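Chain by chain, the residues:
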Amino acid sequence: MKRLMFLILLVMVAWAGSAQAETLKLLTWKGYAPQKVVDAFEKETGINVEVTYSNNEEMIAKLRATRGAGFDLAQPSQDRISSVQAKYKIYQPFDYSKIDSGLFIPSMLAAVKKNTLVKGSSYAVPFCWGTSGLVVNSSKAPEAASFKSLIDPKYKGRISYRLKRPTLIAMGFALGYNPFELYSRPEAYKSMLDNIAETLIKAKPLVKNYWANGDSLLESMRSGEVYVAMAWDNGGWKLHADNSDIDFKAPVEGALGWIDTFAIPAKAKNVSAAYKWVNFMMRPENAGYFTSQEKCATASIGAIKYTDKKVAANFSRSFPQSVIDQINWYPPVPSKIESMEGKVLDKIKAAD
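A brief report on the enclosed structure follows.

About the thresholds
- Residues numbered from 1 in each chain as written.
- Predicted model: local features only at pLDDT ≥ 70, side-chain atom pairs only at ≥ 80, totals over all residues.
- Heavy atoms only, no water.
- 1 Å grid on protein atoms, 1.4 Å probe; cavity = no way out; pocket = protein on both sides within 12 Å on 5 of 7 lines; lining within 4 Å.
- Points joined across faces, edges and corners; volume = space filled by probe spheres on them.
- Helix = DSSP H or I, 4+ residues; strand = E, 2+ residues; numbered from the N terminus.
- Pairing = 2+ DSSP bridges.
- Core = buried A, V, L, I, M, F, W, Y, C linked by side-chain atoms within 4.5 Å.
- Buried < 20%, exposed > 50% of the residue type's maximum accessible area, 1.4 Å probe, protein only.
- Contact = heavy atoms within 4.5 Å.
- Nonpolar A, V, L, I, M, F, W, Y, C, P; charged D, E, K, R; others polar.

When its volume is computed, the largest pocket comes out at roughly 1600 Å³. For the largest pocket, the lining is made up of 46 residues, of which Trp-29, Asn-55, Arg-162, Trp-232 and Trp-258 are closest to its centre. In terms of residues, the lining of the largest pocket owes the most to one element, helix α14 (residues 335-350), which gives six residues. Here the second largest pocket is characterised by a volume of approximately 500 Å³. What lines the second largest pocket is a set of 23 residues, among which Ile-105, Met-108, Trp-129, Ala-297 and Thr-298 lie closest to the centre. Secondary-structure elements contributing two or more residues to the lining of the second largest pocket are α5 (106-115), β10 (297-298) and α12 (309-318). Per-element accounting of the lining of the second largest pocket gives the leading share, five residues, to α5.

Rendered as structure tokens:
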């Protein structure tokens, strides 16, 4: 009898230890797992959350190196999944029966399913979205309303943007192309890129700086060094809070929209915890808290009710329905296209 009781005690201790040891390993962007939400999740589920901060390139590199092991949940951008999955198989098909689909904006859920489709299976659900467009000091550049403002001589020495692929895409739209429609036509895409390169090289004397750090851009606009910039919406809103003359403005060509997702790595060990985190994070009160903290909208229905009033006002001001309808959402990017863009960016950087 004593031996039986001892064995039962050992089993109970082992079970308790395993329960305490349950962990969710999350590979995500900085700010995407607010500590307050992590604490609430851990309290409700008993699952510990280990957060590793990353970005698209690093996520792909980490998961390629391990063939999809080491993490239970990742948050890549939706346009960086299908081509990577087709080539490296670093994710597993998403089991949509394990999420509460009623928490998601239907159109965004459908869009991500479509854009992450590989051989009959989809690989992600949407988490948050945002755009890049113009950040303008309207007291200095009241007429700046197009991506063409980034190459307008009237703003010479007061222009800033990053030398990254979004700028190439933006300039493509400004020059009358639809870059996304040319993804399937590499020769036509290269012709567009050649035109963009020539345009941006010619316009180099107009540029105050090519920003690489968001904080440095904000400071350039606060100080009045820069009047017109290409940047993210929440950067413009941060500036607007201090100076009402500066704000994010969706260009007439349409802002460029991105969606960051939840995707499960191929060799995730705690898949159950991953789905629990997705459902927990998409609850309106948790998604609304995230939006209040990061000034970034989510795909959660009703989250705006739980969002700070000033933050909600930013969305109302910058994104009336007519502007949302014009957003150019990034589709999956073919690897050939990305390689072309890299060469063009190098050419622009090297030009005198």
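Hydrogen bonds between backbone groups are what pair the strands of a sheet, and the pairing can be parallel or antiparallel. The strand order β2-β1-β3 describes an open sheet built from three strands, whose pairing is parallel. The sheet is open, and its two edges are formed by β2 (48-53) and β3 (73-74), each paired on a single side. In this structure, strand β1 (residues 23-28) lies alongside β2, joined through six bridges in parallel fashion. If you follow Thr-23 over to β2, its bridge partner there is Asn-48.

Let's shift gears to the nonpolar core. Counting residues in each nonpolar core, the largest one holds 111 residues, and the members touching the most others are Leu-24, Leu-73, Val-125, Leu-150, Tyr-189, Phe-262 and Trp-277. Of the residues forming this core, the biggest block, eight residues, is contributed by helix α10 (residues 271-281). Not counting residues within four places of it along the chain, the set of residues in contact with Leu-24 comprises Phe-41, Ile-47, Asn-48, Val-49, Glu-50, Asp-72, Leu-73, Ala-273, Ala-274 and Trp-277.

Take empty space enclosed by the protein next. What the rule picks out here adds up to one cavity of 30 Å³ or more. In this structure, the largest cavity encloses a volume near 80 Å³. Secondary structure elements with two or more residues in the lining of the largest cavity: α6 (165-174) and β7 (228-232). Considering each element in turn, the lining of the largest cavity owes the most residues, three residues, to β7. Split by residue class, the lining of the largest cavity holds six nonpolar, two polar and two charged.

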